[in-house]
Amino acid sequence: MAVIALKCPSIEVVVVDIWEPRIAAWNSDQLPIYEPGLYDVVKECRGRNLFFSKDVEKHVAEADIVFVSVNTPTKTQGLGAGKAADLTYWESAARTIADVSKSDKIVVEKSTVPVKTAEAIEKILTHNSKGIKFQILSNPEFLAEGTAIGDLFQPDRVLIGGRETPEGQKAIQALKDVYAHWVPEDRILTTNLWSAELSKLAANAFLAQRISSVNAMSALCEATGADVAEVAYAVGKDSRIGPKFLNASVGFGGSCFQKDILNLVYICECNGLPEVAEYWKQVIKINDYQKSRFVNRVVSSMFNTVSQKKIAILGFAFKKDTGDTRETPAIDVCQGLLGDKALLSIYDPQVQKEHIQRDLIMKKFDWDHPLHLQPKSASSAVEQVTVTSDAYEATKEAHGVCILTEWDEFKTLDYKKIYDNMQKPAFVFDGRNVVNADKLREIGFIVYSIGKPLDAWLKDMPAIA
Ligand code: UDX
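Let us look at the structure shown here.

What counts, and at which threshold
Residues numbered from 1 in each chain as written. Predicted model: local features only at pLDDT ≥ 70, side-chain atom pairs only at ≥ 80, totals over all residues. Heavy atoms only, no water. Helix = DSSP H or I, 4+ residues; strand = E, 2+ residues; numbered from the N terminus. Buried < 20%, exposed > 50% of the residue type's maximum accessible area, 1.4 Å probe, protein only. Contact = heavy atoms within 4.5 Å. Areas by Shrake-Rupley, 256 points an atom, 1.4 Å probe, with all protein chains shown as cover. Pairing = 2+ DSSP bridges. Right-handed = clockwise from strand over helix to strand, strands pointing away. Expected span 1.5 Å × (residues − 1). Patch = residues over 30% accessible without salt bridge, like charges linked within 9 Å, V, L, I, M, F, W, Y side chains within 5 Å. Salt bridge = Lys/Arg side-chain N within 4 Å of Asp/Glu carboxyl O.

1. Re the overall build of the chain
Consideration 1: A tally of helices and strands in the chain yields 18 helices and 13 strands.
Consideration 2: Within the chain, the fraction of its 465 residues that count as buried is 50%.
Consideration 3: A separation threshold of at least 6 residues defines the contact pool for the chain, and within that pool the share at least 24 residues apart is 74%.
Consideration 4: Carbon and sulfur atoms provide 53% of the accessible area of the chain, an area that totals close to 21900 Å².

This is the structure in structure tokens:
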């Protein structure tokens with residue numbers, strides 16, 4: 001919304017939220033999320049044509065176009081638990097829109113939703129509409145965190161789905177006119193509603209599938225002596241495949257991939273397509289396998305036990321340049337090591353201590369619900385975990401170091417200094433392939449890098465104990 005305000009000075013954008021502290025943060029110098037470049041955009045438009053308000057009813061009533069960007073968590077209870085999207089927040093937003101509207105509106109789905117959600121939303125709006133006309137559009141968001149501003153300035157495509165009626169087409173055109181302020185026309189794609197909704201799930205599933213494919217190869221590389229980076233490079237040189245999204249890692253995280261694939265699986269099952277459901281489920285299974293494979297490497301390398309050993313965790317965010325930890329592989333890896341009674345010392349340049357503690361005690365899928373429904377951190381902090389404010393403190397006297405996020409600063413740490421302050425033998429387990437393994441070996445470390453030829457030390461240790 002900030003980028004729309006920046007690029008379209010003639011349009012007034014008001015961001016509303018029922019949670020007051022979040023609106024207060026958006027109105028302050030400490031934005032509630034860390035995203036490179038975002039603060040500059042907000043600063044330029046805030047108070048000009050970009051406003052943040054908790055007065056939901058007033059601003060929804062006044063708007064011509066309402067973008068709905070509420071959470072759509074994975075259901076934790078009832079029908080479809082663990083797979084289906086929970087549309088509680090979406091439904092409640094739709095009811096609010098129906099209640100307060102006094103003029104015709106275009107309602108835009110920005111949240112990623114299951115296919116055919118627009119139909120349900122349409123029903124809620126029209127059954128309560130007092131003669132007011134609503135047009136529903138699907139306009140899924142493809143930005144990635146950490147590069148959001150660049151992605152929004154120059155999107156590969158903007159997708160707008162709507163009804164094929166004259167009113168639907170008119171609504172599509174109105175939203176197209178907004179994006180046309182800065183996006184070339186040939187990058188604005190228009191489709192029917194269901195294609196737009198499904199395209200978002202499909203795009204995320206395809207991206208995640210590439211990572212699971214290369215991660216599956218990484219296990220085979222370790223077993224055969226091939227180097228996954230060389231394999232990925234060679235494979236990606238084929239212009240039909242392309243080089244992006246082929247970095248082997250400890251696993252993908254983030255708020256979208258797992259949730260959207262689970263949702264896709266559920267939709268397939270509901271539509272009587274179990275084979276298709278099974279196919280996509282495998283992408284998640286490989287991701288889980290990759291995380292547990294990593295934990296097993298750590299434990300088996302260190303004489304099959306990490307009990308009471310200090311393990312430094314460098315990086316907790318799900319990727320670099322974000323403070324976001326939703327579905328980060330670090331949670332599963334840390335929990336795996338804690339299960340083996342390790343003592344963890346965690347450092348991440350952007351993630352706060354309370355946040356890490358809360359993540360480690362949170363139940364699966366709770367992260368996407370409002371804060372007051374999540375467990376409190378202070379009362380039940382995990383005793384085996386300390387959080388430090390720099391990498392040197394985290395690694396001091398540690399037996400092993402696990403690199404779980406590819407922060408640039410981890411490439412240039414003084415590893416000699418780290419080695420000198422660690423217990424011996426000193427291990428580095430690089431879950432993101434950011435360190436120069438040869439240089440670290442020269443210093444004296446035993447190094448494990450995902451999908452790379454194994455250190456002599458690790459060769460005889462079983463990958464899965
Ligand atoms: C993703 C999609 O890219 C975006 O289009 C969609 O709108 C939201 O979901 P995001 O979750 O922000 O964006 O991050 P992304 O860059 O896609 O990375 C997701 C995860 O995959 C991260 O944990 C990242 O570290 C991992 N990843 C990515 C790999 O392990 N290897 C790669 O080659 C690329």
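2. A few points about the pairing of strand β8 (residues 310-314)
Consideration 1: With respect to burial, β8 is a largely interior element, four of its five residues being buried.
Consideration 2: Note that β8 and strand β9 (residues 343-347) share five bridges and pair parallel. The residue bridging Ile311 from the neighbouring strand is Leu344, located in β9.
Consideration 3: Each parallel crossover has a hand, and for β8 linked through helix α13 (residues 329-339) to β9 it is right-handed.
Consideration 4: Summarising the sheet, β8 and strand β11 (residues 400-403) pair through four bridges and their orientation is parallel. The residue bridging Ile311 from the neighbouring strand is Gly400, located in β11.

3. Description of the environment of Gly150
Consideration 1: Within the fold, Gly150 resides in helix α7 (residues 148-153).
Consideration 2: Classification of Gly150 by relative accessible area gives partly exposed; the value is 42%.
Consideration 3: Sequence spacing of Gly150 and Tyr34 is 116 residues, and the spatial spacing of their C-alpha atoms is 15 Å.

4. Concerning helix α12 (residues 274-301)
Consideration 1: Relative to the 40 Å expected for 28 residues at 1.5 Å per residue, α12 spans 39 Å between its end C-alpha atoms, a close match to the ideal helical length.
Consideration 2: Immediately beyond the C-terminal end of α12, within one or two residues, lies Phe303, with a positive phi of roughly 65°.

5. Some remarks on a nonpolar patch on the surface
Consideration 1: A cluster of nonpolar side chains, namely Val231, Val235 and Ile241, defines an oily patch on the protein surface of about 190 Å² accessible area.
Consideration 2: Here Val235 is to be found in helix α10 (residues 228-236).
Consideration 3: Overall, the relative accessible area of 37% leaves Val235 in the partly exposed class.

Treat this as a map of the structure, not an account of what it does.
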